[in-house]
Amino acid sequence: MTRLIFLGPPGAGKGTQAQILSESHHIPHISTGDILRAAVEQQTDLGNQAKAYMERGELVPDSLLLDLIRDRLTQRDATESGWILDGFPRNVAQAEFLDHLLDDIQQKCKSAISLEVPDQQLIDRLHGRGRSDDGDETIARRLRVYHDLTIPVIDYYRERGRLIAINGNSSIEAVAAILKKVVTS
Ligand SMILES: Nc1ncnc2c1ncn2[C@@H]1O[C@H](COP(=O)(O)OP(=O)(O)OP(=O)(O)O)[C@@H](O)[C@H]1O
Ligand SMILES: Nc1ncnc2c1ncn2[C@@H]1O[C@H](COP(=O)(O)O)[C@@H](O)[C@H]1O
């Protein structure tokens, strides 16, 4: 059963690569960013609470996401086909929560994949993407949040021998080919 965590800064290509793998290997792609954006669009309670944080480029409070992750990972498609988790965990508390949750629901996830791309390439890609959180100020804040809160998550998996670091600074096809090898190895 394939279960993967995709880590990496904003614009590293997590969503792009997760979608490619999801389609080629029929593995559910679970993106907390996509779930939150849909909730904002639909003006649900979750969306209304998350909106301002997302617009500022900050993480939403953990309390908004933990039950949601438990519910999503225990849905039938995820229990039957595995998952690619994109955008979670984003801080060490979320990584610890996820490890406890996986023990509790008896799922194993060996590897976290970190897509590595230099900041200037990230900024160029995000300008090209043009999402509502891709303005200059928000990009800068998201990168700061990544360096302050999410790099410790990469250290968390590295210290436990569970990190696979991949150079994400090449074409979409080249990165996809490397990931395909990782998944099939
Ligand atoms: N290898 C690549 N080379 C060039 N552009 C890329 C590459 N991978 C993704 N992109 C482009 O960069 C932008 C950001 O990619 P994507 O949305 O997949 O990143 P992400 O890591 O999911 O970002 P975020 O965490 O902000 O959601 C998109 O416009 C995408 O088409
Ligand atoms: N795991 C998360 N913790 C807190 N906030 C999150 C998380 N995942 C997404 N968010 C919020 O949504 C936006 C966009 O997420 P992307 O994964 O970059 O699409 C992010 O800036 C947080 O505000």
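Cut-off values and rules
Per chain, residue numbering runs from 1 following the sequence as it is written. Chains carry letters and ligands carry numbers; both start at the beginning, A for chains and 1 for ligands, and go up in the order they are written. Totals for whole chains, interfaces and linings use every residue, but because this is a predicted model, local features are given only for residues with pLDDT of at least 70 and side-chain atom pairs only at 80 or more, for both listing and counting. Think of the side-chain values as coming from all heavy atoms in the structure, minus any hydrogens and water. Numbering goes from the N terminus for both helices and strands, where a helix is a DSSP run of H or I of at least four residues and a strand is a run of E of at least two. The rule is simple: take the accessible area with a 1.4 Å probe, protein chains only, and divide by the maximum for that residue type; under 20% is buried, over 50% is exposed, in between is partly exposed. Two residues form a contact once any of their heavy atoms are found within 4.5 Å. Residue-level accessible areas treat just the shown protein chains as cover; the underlying method is Shrake-Rupley with a 1.4 Å probe. Positive residues here are Lys and Arg, negative ones are Asp and Glu, while His and the chain termini are left out of the count. The atom standing in for a charge is NZ when the residue is Lys, CZ when it is Arg, CG when it is Asp and CD when it is Glu. Aromatic rings from Phe, Tyr and Trp, with only the six-membered ring used for Trp, were paired whenever their centres fell within 6.5 Å, and each pair was classed as stacked if the ring planes differed by under 30 degrees, edge-to-face if by over 60, and tilted otherwise. Our definition puts a charge over a ring when NZ of Lys or CZ of Arg is within 6 Å of the ring centre and also within 35 degrees of the ring normal.

Moving on to the overall build of the chain. Helix and strand counts for the chain come out as nine helices and five strands. The order of α-helices and β-strands along the chain, N terminus first, is β-α-β-α-α-α-α-β-α-β-α-α-β-α. Each principal axis of the C-alpha distribution contributes one length, and for the chain these read about 40 × 40 × 30 Å. Counting the 185 residues in the chain, one finds 46% classified as buried. Here the contacts in the chain between residues at least 6 apart in sequence split such that 74% fall between residues at least 24 apart. Surface exposure of the chain reaches about 9,600 Å², of which carbon and sulfur atoms provide 48%. A gap of 4 Å separates the mean positions of the 22 positive and 27 negative side-chain charges of the chain.

Under the counting rule described, the total for this entry stands at two aromatic pairs. Consider the rings of F88 and F97, whose centres lie 6.4 Å apart with planes at 80 degrees: the pair is edge-to-face. Assessed through its relative accessible area of 0%, F88 is described here as buried. Seen from their ring centres, Y156 and Y157 are 5.2 Å apart, and the 80 degrees between their planes marks the pair as edge-to-face. By relative accessible area, Y156 is classed as buried at 8%. Looking at R160, its charged tip hangs above the ring of Y156, at a distance of 3.7 Å from the centre.

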